[in-house]
Amino acid sequence: MNPREYLVMSELECYHWWYRGLRDMISRIVDRYSLPNSECLLDAGVGTGENLAFLSKEKQFGYVGGFDASQVAIDLASKKVDSADLYVSDICNPELHQDAYDIVTSCDVINIPGLSQCFQGLQRMVSRIRPGGLFLANLPAYSWLYSDHDLAVHTSQRFAAGQVRTMCHELGLEPIVLTYRLCSLFPLFVLSRLPTMLFRSRSAAEARSALSRPSKYVNSLFSTISRVENRAIQMGWTLPWGSSVFVAARRPLTASLREMRG
Ligand SMILES: C[S@@+](CC[C@H](N)C(=O)[O-])C[C@H]1O[C@@H](n2cnc3c(N)ncnc32)[C@H](O)[C@@H]1O
């Protein structure tokens, strides 16, 4: 990501409806689907740390770890969640500090190197998820939505839900929630990105992300809309379109039998 984007993200992620909505989604899914006594959490591409800080406050984990390709991100994250094991590593070839994880999250990261680049790294992380444990990912939706925002955060791939389903199957995971998110705000999202979808900056260095501080009223309204949708997803709804694809997938219990057989 462009260096400026880490500072913007670090400043806005606590307040901004988009990040709050994502944390609310993750929290609901962890409540509903994680194994009882889940102890060990890893965030792959932890960014500036607010998601991890939130999860480690909300839930009781014995170990909370997170890595990111950027030292700037890790330094900013360390200020928000000083109890976590935070380190620089690459999702394409991740350093893993635990033998087994109950939950691995990766929000808006796989899209940066792209799936084919990081597939082997994902395989390694998934192989350390305990059978019955969860893999959660949020990804930007639809390749036709590519705009300056993607250039600025160095996204190389946006995803359709079907591609995420195939990714899960190829990783040996069973999707339990697979849906688009931010469905009702989607027309506004497309309109706001349209200018730079049509007229993109010439290089990543020139591009700016779409992140800015919304007014108090917009922030509160969009947070509420996002929470209502999250609640519907938690209750089992699948939303037909949206600006993100969200997946929660389980490592099958049979994985342990396969491992025991060698
Ligand atoms: C859009 S931010 C998302 C951060 C955080 N997951 C969140 O949801 O707020 C993407 C993060 O992925 C990190 N990243 C990009 N490529 C990566 C890679 N190959 N391995 C690990 N992290 C990477 C970036 O440095 C950045 O912090």
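Scroll up to find the structure.
Let me sum up the structure you'll find in this document.

## With respect to unusual backbone geometry
Next, step 1: One non-glycine residue, histidine 154, adopts positive backbone phi at about 65°.
Next, step 2: Mapped onto the fold, histidine 154 is located in the loop between helix H6 (148–152) and helix H7 (161–170).
Next, step 3: On the basis of relative accessibility, which here comes to 34%, the residue histidine 154 falls in the partly exposed class.

## Some thoughts on the packing of helix H2 (residues 17–33) against helix H3 (residues 50–58)
Next, step 1: Two numbers describe how H2 lies on H3: the axes approach to 10 Å, and their chain directions differ by 40°. As far as their axial angle goes, H3 and H2 are oblique. Considering the relative orientation of H2 and H3, their crossing is right-handed. In contact with Leu22, Arg23, Ile26 and Ser27 of H2, H3 contributes Glu50, Asn51, Phe54, Leu55 and Glu58.

## Details of the site of the ligand
Next, step 1: The environment of the ligand is formed by 19 residues, the closest being Tyr6, Gly45, Asp68, Asp90 and Ile91.
Next, step 2: Contact between the ligand and tyrosine 6: an oxygen atom at 2.6 Å from a side-chain N or O atom of the residue.
Next, step 3: Relative to its unbound accessible area of 600 Å², the ligand is 92% covered by the protein chains.
Next, step 4: Split by residue class, the shell around the ligand holds 10 nonpolar, 5 polar and 4 charged.

## Some points on helix H1 (residues 3–12)
Residue pairs spaced three or four apart in an α-helix point in one direction, given the helix's 3.6 residues per turn.
Next, step 1: The complete set of buried residues in H1 reads Glu5, Tyr6, Val8, Met9, Ser10 and Leu12.
Next, step 2: Where H1 is buried, its residues meet H2, strand S2 (63–68), helix H4 (71–80) and H6.

## Notes on the packing of aromatic side chains
Next, step 1: Counted according to the given criterion, the structure contains 9 aromatic pairs.
Next, step 2: A ring pair is formed by tyrosine 63 and tyrosine 101, whose centres lie 6.4 Å apart and whose planes are at 50°; its orientation type is tilted. Highlighted residues: tyrosine 63 in strand S2 and tyrosine 101 in strand S4 (residues 101–107), separated in sequence by 38 residues.
Next, step 3: In this structure tyrosine 101 comes out as buried when scored by relative accessible area, which is 0%.
Next, step 4: The ring of tyrosine 15 carries the charged tip of arginine 213 above its face, separated from the ring centre by 4.5 Å.

## Quick look at the sheet that holds strand S5 (residues 129–140)
Next, step 1: Taken in spatial order, the 7 strands line up as S3-S2-S1-S4-S5-S7-S6 in an open sheet, and their pairing is mixed. The two strands at the open ends of the sheet, each matched to only one other strand, are strand S3 (85–88) and strand S6 (174–181). Each strand axis lies, on average, 10° off the axis of its neighbour in the sheet, ignoring direction.
Next, step 2: Two elements, strand S1 (residues 40–44) and S4, share 3 bridges in a ladder whose sense is parallel. Within S4, the position partnered with leucine 41 by the bridge is isoleucine 103.
Next, step 3: Packing against the sheet, H2 makes contact with S4, S5, S6 and strand S7 (244–250), and its axis sits at approximately 160° to S5.
Next, step 4: Contacts from helix H5 (residues 115–127) reach S1, S2, S4 and S5, with the element oriented near 145° to S5.

Rules of the game
Residues numbered from 1 in each chain as written. Predicted model: local features only at pLDDT ≥ 70, side-chain atom pairs only at ≥ 80, totals over all residues. Heavy atoms only, no water. Helix = DSSP H or I, 4+ residues; strand = E, 2+ residues; numbered from the N terminus. Buried < 20%, exposed > 50% of the residue type's maximum accessible area, 1.4 Å probe, protein only. Axes fitted to C-alpha atoms, helices over the stretch in contact; angles between N-to-C directions. Parallel < 35°, antiparallel > 145°, perpendicular 65-115°, else oblique. Left-handed = near helix turned anticlockwise from the far one by under 90°. Contact = heavy atoms within 4.5 Å. Near = heavy atom within 4 Å. Polar contact = N/O pair within 3.5 Å; in protein donor to acceptor, adjacent residues only side chain to side chain. Areas by Shrake-Rupley, 256 points an atom, 1.4 Å probe, with all protein chains shown as cover. Nonpolar A, V, L, I, M, F, W, Y, C, P; charged D, E, K, R; others polar. Phe/Tyr/Trp six-rings, centres within 6.5 Å; stacked < 30°, edge-to-face > 60°. Lys NZ or Arg CZ within 6 Å of the ring centre and 35° of its normal. Pairing = 2+ DSSP bridges.

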